[in-house]
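Inside the fold
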Amino acid sequence: MRWSDTLIPTLKETPAEAEIVSHKLLLRAGLIRKLTGGLYTFLPLGLRALRKVEQIVREEMNSAGALELLMPALQPPEIWRQSGRYETARDVLFKVRDRAKKEWVLGPTHEEVITTLVAGEINSYRQLPKNFYQIQTKFRDEIRPRFGLMRAKEFIMKDAYSFDATDEASQVSYRKMFDAYTRIFQRCGLKTIAVEADTGVMGGKFSHEFMVPAETGENEVVFCDGCGYAANVEKAASRVSAPSALNATPSTIEKFATPGVLTIEALTEAPYNVAADHQIKTLVYKVESGIVLILLRGDDQLNEAKLTGALGTATFRPAEPEEIFTALGAHPGSLGAVGVSKFTVYADERLRSAAGMTTGANEDGFHLRHVAVDRDIHVKHWSDLRLVRAGEPCLKCGQPLKVQRAIEVGHIFRLGAKYSQALNALFLDEAGKQQPAIMGCYGIGVTRTLQAVIEQSHDDNGIIWPVSVAPYTVCITPLNVAPDSEVMKRAEQIYADLTARGVDVILDDRNDRPGVKFKDSELVGFPIRVGIGEKSLAKGEVEVKPRAGALIPVKLEQAVEKVLELIKHTLA
RNA sequence: CGGAGCGUAGCGUAGCUUGGUAGCGCGUCUGGUUUGGGACCAGAAGGUCGUGGGUUCAAAUCCCACCGCUCCGACCA
């Protein structure tokens with residue numbers, strides 16, 4: 001490809017819409033352009049990189065035995081009603097109507113479609129296992145699209161669905177996908193960590209997320225250098241110390257005045273001096289069935305994903321101040337669970353047997369001290385509800401845990417029979433008995449992966465593409481583009497030779513000053529630049545410059561071999 | 001949806017407080033000089049100042065409404 005024949009609209013200045021470096025570089029390097037919030041056009045260069053990611057995904061999925069197919073993006077709402085997700089996923093579903101006013105949904109994911117297909121086509125254990133995948137555009141009515149391709153209303157996802165006869169077989173399928181994902185991200189040049197994850201609205205037994213460590217990531221992962229434990233913070237647990245107030249001498253509850261004290265923090269100060277770990281934090285939530293109380297130690301934070309697990313539902317919200325006052329007779333800041341029997345009380349494990357605690361009195365301006373949880377509070381459900389923090393000892397080995405922000409690029413789930421049961425994907429087993437297929441589902445955000453590569457691999461001058469996903473592997477930069485010049489003739493020859501050897505090459509034939517061409521090639525981030533100018537040519541040399549390495553003078557006749565060698569060894 | 005901020009030429013922005021001819025840089029076009037790290041000179045094109053309404057002799061500027069974008073939170077590949 002000749003630079004002047006394609007469209008690479010690089011920008012010197014950063015458009016105001018971009019906040020994080022990968023988004024800025026996607027725009028500046030001329031890879032994408034925004035149509036409107038959350039919707040982007042891939043320009044020729046961006047599309048080439050995207051296709052390379054897709055191809056890696058395709059190759060690894062195929063070699064893991066998965067079968068590619070393509071399902072409709074437009075789906076009938078009936079199958080979503082059948083699976084129950086028409087309600088549970090309604091917030092992300094784009095809905096459209098046809099001319100007959102019939103409603104359709106734009107697929108945010110395809111469990112319903114694939115399960116419907118399998119219900120019709122697979123009837124026997126002899127046809128299992130099967131794993132189907134597609135690379136396709138998904139639509140999600142995101143609350144807030146952001147960071148360019150990172151979270152968009154429309155994005156490209158690879159989604160795969162495994163069907164097995166037994167739970168054990170399903171675990172094998174899961175493992176195969178886990179391994180395939182590891183290879184895919186490795187080939188994309190990404191450092192990823194696989195973490196234990198919460199299953200969220202997808203449902204299922206357990207799951208792993210593939211995370212790219214990055215400060216700009218939207219997730220937090222907790223990991224241990226000692227034993228390799230790694231989990232999404234929503235799921236992570238740690239070995240935390242028992243309440244220090246445990247040994248406090250038992251004494252009767254005492255109410256005391258705390259005018260104006262509305263926070264844990266305020267109660268830690270004089271004249272009260274109650275340490276946060278001697279306080280009980282009382283949160284009031286509204287669930288469908290009514291009001292519930294959540295108790296945590298004063299210095300702990302609620303993990304809402306864990307609360308979802310404890311409550312058995314994801315439909316809850318913090319109660320409004322009026323609702324709280326109606327329920328407990330006090331406002332936030334003076335709340336407590338002592339003597340409360342009307343509402344279900346959920347408490348974090350860390351409060352078990354805690355004594356000598358201080359909590360709100362359910363009377364504005366008053367607190368209670370000398371509270372013993374076991375004696376004074378009727379806790380209905382005990383569970384782990386707290387957010388893990390950096391430095392806490394690892395659950396498995398006791399080493400201090402670390403916390404790191406990360407970008408989620410892949411997520412794999414074991415679904416069990418949830419969808420196969422709802423959509424009648426049944427088969428006959430060896431004994432002639434009807435069974436629901438055991439499913440797994442496996443997603444990769446392809447467009448997001450592309451951006452994650454940039455987020456993880458760049459410098460002040462621009463993108464540093466790994467060879468595997470670079471839009472072009474080599475950029476040839478002649479400093480004189482007059483067709484009859486020696487420089488241009490040599491450039492053309494190298495271009496032809498490399499192309500003949502199967503290398504993706506772009507020839508920067510623009511009649512621009514060297515500085516402009518060097519800056520652009522570095523901004524776009526081609527892995528190798530071959531510079532040809534009068535000075536080097538006078539010595540019979542060209543300049544081979546790896547994007548992230550030092551310039552290498554190479555004899556003209558060895559240039560092609562040198563480039564091929566670099567691609568094969570140093571950069572692959 | 002709640003909170004914050006911003007909409008002026010393709011991009012980045014000044015002007016708004018205190019109403020009075022819409023300015024600068026980059027990019028684009030023409031001519032010339034240049035040619036190893038985002039050149040220089042001369043000239044040129046390009047603007048519904050987000051949209052609608054209001055106040056006023058006069059609105060980019062003040063007021064109201066709406067729309068859009070960005071950031072923080074809930075959602076997620």
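The structure presented is a predicted model; accordingly, all values stated were derived computationally and were not measured. (Residues numbered from 1 in each chain as written. Chains lettered and ligands numbered in written order. Predicted model: local features only at pLDDT ≥ 70, side-chain atom pairs only at ≥ 80, totals over all residues. Heavy atoms only, no water.)

Our next topic: the pattern of salt bridges. Once their charged atoms are close, side chains differing in charge can pair, the charge on each being opposite to the other. This model, assessed by the stated rule, comprises 41 salt bridges. The salt bridge partner of aspartate 504 is lysine 52, with a shortest N-O separation of 2.7 Å. In this pair, aspartate 504 is assigned in the loop between α13 (486–500) and β28 (505–507) and lysine 52 in helix α2 (residues 44–63), connecting sequence segments 452 residues apart. Using a relative accessible area of 27% as the deciding quantity, one classes aspartate 504 as partly exposed. With a shortest N-O distance of 2.9 Å, glutamate 68 and arginine 58 are connected by a salt bridge. Taken together, the positions of glutamate 68 in strand β3 (residues 67–68) and arginine 58 in helix α2 put the pair 10 residues apart, joining distant regions of the chain. By relative accessible area, which is 22% here, arginine 58 ends up partly exposed. Through salt bridges with shared partners, a single network forms among Asp300, Arg350, Arg386, Arg389 and Glu392. (Salt bridge = Lys/Arg side-chain N within 4 Å of Asp/Glu carboxyl O. Helix = DSSP H or I, 4+ residues; strand = E, 2+ residues; numbered from the N terminus. Buried < 20%, exposed > 50% of the residue type's maximum accessible area, 1.4 Å probe, protein only.)

Quick look at the pairing of strand β24 (residues 438–445) now. Counted residue by residue, β24 has eight buried out of eight residues, so it is predominantly covered. Covered by surrounding structure in β24 are Ile438, Gly440, Tyr442 and Ile444 together with Met439, Cys441, Gly443 and Gly445, the residues of both alternating faces. Sheet topology note: the strand β21 (residues 402–416)/β24 ladder contains six bridges and is antiparallel. Pairing of glycine 410 across the sheet is with isoleucine 444, part of β24. (Pairing = 2+ DSSP bridges.)

Taken domain by domain, chain A holds domain 1 (14–191 + 419–455), domain 2 (244–383) and domain 3 (472–571). Between domain 1 and domain 3, the C-alpha centre-to-centre distance is 39 Å. Taken together, the contact pairs six residues of domain 1 with six residues of domain 3. Between domain 1 and domain 3 lies a buried interface of about 560 Å² when both sides are counted; carbon and sulfur atoms form 62% of it. Taken together, the connections running from domain 1 to domain 3 amount to two salt bridges. (Domains from an automatic or database assignment. Contact = heavy atoms within 4.5 Å. Buried area = accessible area lost by both parts, 1.4 Å probe.)

This next bit is on empty space enclosed by the protein. Enumeration according to the criterion identifies two cavities of 30 Å³ or more in this entry. There is about 40 Å³ of room inside the largest cavity. In terms of lining, the largest cavity is formed by Ser521, Glu522, Phe526, Arg529, Lys545, Pro546 and Arg547. Listing elements by their share of the lining of the largest cavity, those giving two or more residues are α14 (514–524) and β30 (541–546). Here the lining of the largest cavity is built from residues that sort into two nonpolar, one polar and four charged. Here the second largest cavity defines a volume of roughly 30 Å³. For the second largest cavity, the full set of lining residues is Met150, Thr216, Gly217, Glu218, Asn219, Ala406, Ile407, Glu408 and Arg448. Looking at the lining of the second largest cavity residue by residue, the classes come out as three nonpolar, three polar and three charged. (1 Å grid on protein atoms, 1.4 Å probe; cavity = no way out; pocket = protein on both sides within 12 Å on 5 of 7 lines; lining within 4 Å. Points joined across faces, edges and corners; volume = space filled by probe spheres on them. Nonpolar A, V, L, I, M, F, W, Y, C, P; charged D, E, K, R; others polar.)

Strand order across the open sheet formed by five strands is β16-β14-β15-β17-β20, with mixed pairing between neighbours. Of all the strands in the sheet, the pair left with one neighbour each is β16 (316–318) and β20 (381–383). Strand after strand, the sheet turns through a mean of 30° between neighbouring axes, direction not considered. Against the sheet, helix α8 (residues 304–311) contacts β14 (280–287), β15 (290–297), β16, β17 (344–348) and β20, and its axis sits at roughly 130° relative to β16. Taken strand by strand, helix α9 (residues 321–328) contacts β14, β15 and β16, and its axis lies near 105° from that of β14. (Axes fitted to C-alpha atoms, helices over the stretch in contact; angles between N-to-C directions.)

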